[in-house]
Amino acid sequence: MEPTVFYIDECDNLYSTAKWLGKKEDNPARWMSFFPALMKMVKNGDRMVLIGETHNPFNCKRPQMFSMFKNVLLFTIPEYGSRTAIWSAFLARLPAFKASTLNVSVLSKMTEGYTAREIQFVVDNVLHADRISRKRAVTNEEFLQCLGFMGKPPDVTEVWTNWYMSTPMVKQHMDWLRAMDELDELLDSEE
């Protein structure tokens, strides 16, 4: 039997340190009184998975977030092969895509440093409903023009890596590795 999956997009909004400027009813933080009660109702053995996704975890209350989400996965910026697959997947869904008119390899090279979200943004901006209704072949130049308007994204790999290395899960793993190194040194010194 499959587990029930609860998916929370932009889960950092639940734990935001910034003041909410919208309507009180729309404030995502109001769910925080609901989630702890829900998690207490879950028994060991219940088939439930809670998944939270965010692209900006830097400005949130980290202890609360890590108490809700035990594991953290960091998806890095896609390399060339992944970008090629991302471009192909995004373009294949659209009726305006003609493989003979586009060179996905060029698009992959030009989007080095871009995330899948940014690539999807470019595809959505170029292939909007009016563009698709024209039934004219899509060219690389249309995508490159949109990329030019976006500009090169800043390199945030180091910022993300530093954030990831400060998570409780990684800190525990690093402590365990240090303890194993000390144990190895102790065993080597006895020989």
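Residues numbered from 1 in each chain as written. Predicted model: local features only at pLDDT ≥ 70, side-chain atom pairs only at ≥ 80, totals over all residues. Heavy atoms only, no water.

### Some remarks on the overall build of the protein
Alright, step 1. Tallying secondary structure elements over the protein gives nine helices and two strands in all.
Alright, step 2. The order of α-helices and β-strands along the protein, N terminus first, is β-α-β-α-α-α-α-α-α-α-α.
Alright, step 3. Computed over the C-alpha atoms, the radius of gyration of the protein is 22 Å, more than 25% above the 16 Å expected from 2.2 N^0.38 for a compact globule of 191 residues.
Alright, step 4. Dimensions of the protein, computed from the C-alpha atoms along their principal axes, are close to 70 × 60 × 40 Å.
Alright, step 5. Burial status across the protein gives 26% buried among its 191 residues.
Alright, step 6. In the protein, the proportion of contacts linking residues at least 24 apart, taken out of those at least 6 apart, comes to 75%.
Alright, step 7. Summed over all atoms, the accessible surface of the protein reaches about 13,500 Å², with 58% contributed by carbon and sulfur.
Alright, step 8. Computed over 22 positive and 25 negative side-chain charges, the inter-centroid distance for the protein is 13 Å. (Helix = DSSP H or I, 4+ residues; strand = E, 2+ residues; numbered from the N terminus. Rg over C-alpha atoms; globule rule 2.2 N^0.38 Å. Buried < 20%, exposed > 50% of the residue type's maximum accessible area, 1.4 Å probe, protein only. Contact = heavy atoms within 4.5 Å. Areas by Shrake-Rupley, 256 points an atom, 1.4 Å probe, with all protein chains shown as cover. Lys, Arg positive; Asp, Glu negative; His and termini not counted. Charge placed at Lys NZ, Arg CZ, Asp CG, Glu CD.)

### Re the environment of Ser 88
Alright, step 1. Structurally, Ser 88 can be placed in helix α3 (residues 80–92).
Alright, step 2. Along the primary structure Ser 88 and Lys 24 are separated by 64 residues, whereas in three dimensions their C-alpha atoms are 42 Å apart.

### Things to note about the nonpolar core
Alright, step 1. In this structure, Trp 87, Leu 91, Val 122, Val 123, Leu 127 and Phe 143 are the most contacted members of the largest nonpolar core, which totals 17 residues.
Alright, step 2. Secondary structure elements with two or more residues in this core: α3, α4 (104–110), α5 (116–126) and α7 (140–150). (Core = buried A, V, L, I, M, F, W, Y, C linked by side-chain atoms within 4.5 Å.)

### Here we look at the pairing of strand β2 (residues 48–53)
Alright, step 1. Where strand β1 (residues 4–9) and β2 come together, six bridges link them in parallel fashion. Bridging from a neighbouring strand, Phe 6 pairs with Leu 50 of β2.
Alright, step 2. In terms of handedness, the path from β1 via helix α1 (residues 34–41) over to β2 forms a crossover that is right-handed. (Pairing = 2+ DSSP bridges. Right-handed = clockwise from strand over helix to strand, strands pointing away.)

### Side note on the packing of aromatic side chains
Alright, step 1. This structure, assessed with the given rule, holds five aromatic pairs.
Alright, step 2. Ring centres of Trp 87 and Phe 143 lie 5.3 Å apart, and the angle between their planes is 80°; this geometry places the pair in the edge-to-face category. Here Phe 143 lies in helix α7 and Trp 87 lies in helix α3, a separation of 56 residues in the sequence. The burial state of Trp 87 is the same as that of Phe 143; both residues are buried.
Alright, step 3. Here the aromatic residues Phe 58, Phe 66, Trp 160 and Trp 163 are joined through ring pairs into a cluster of three or more. (Phe/Tyr/Trp six-rings, centres within 6.5 Å; stacked < 30°, edge-to-face > 60°.)

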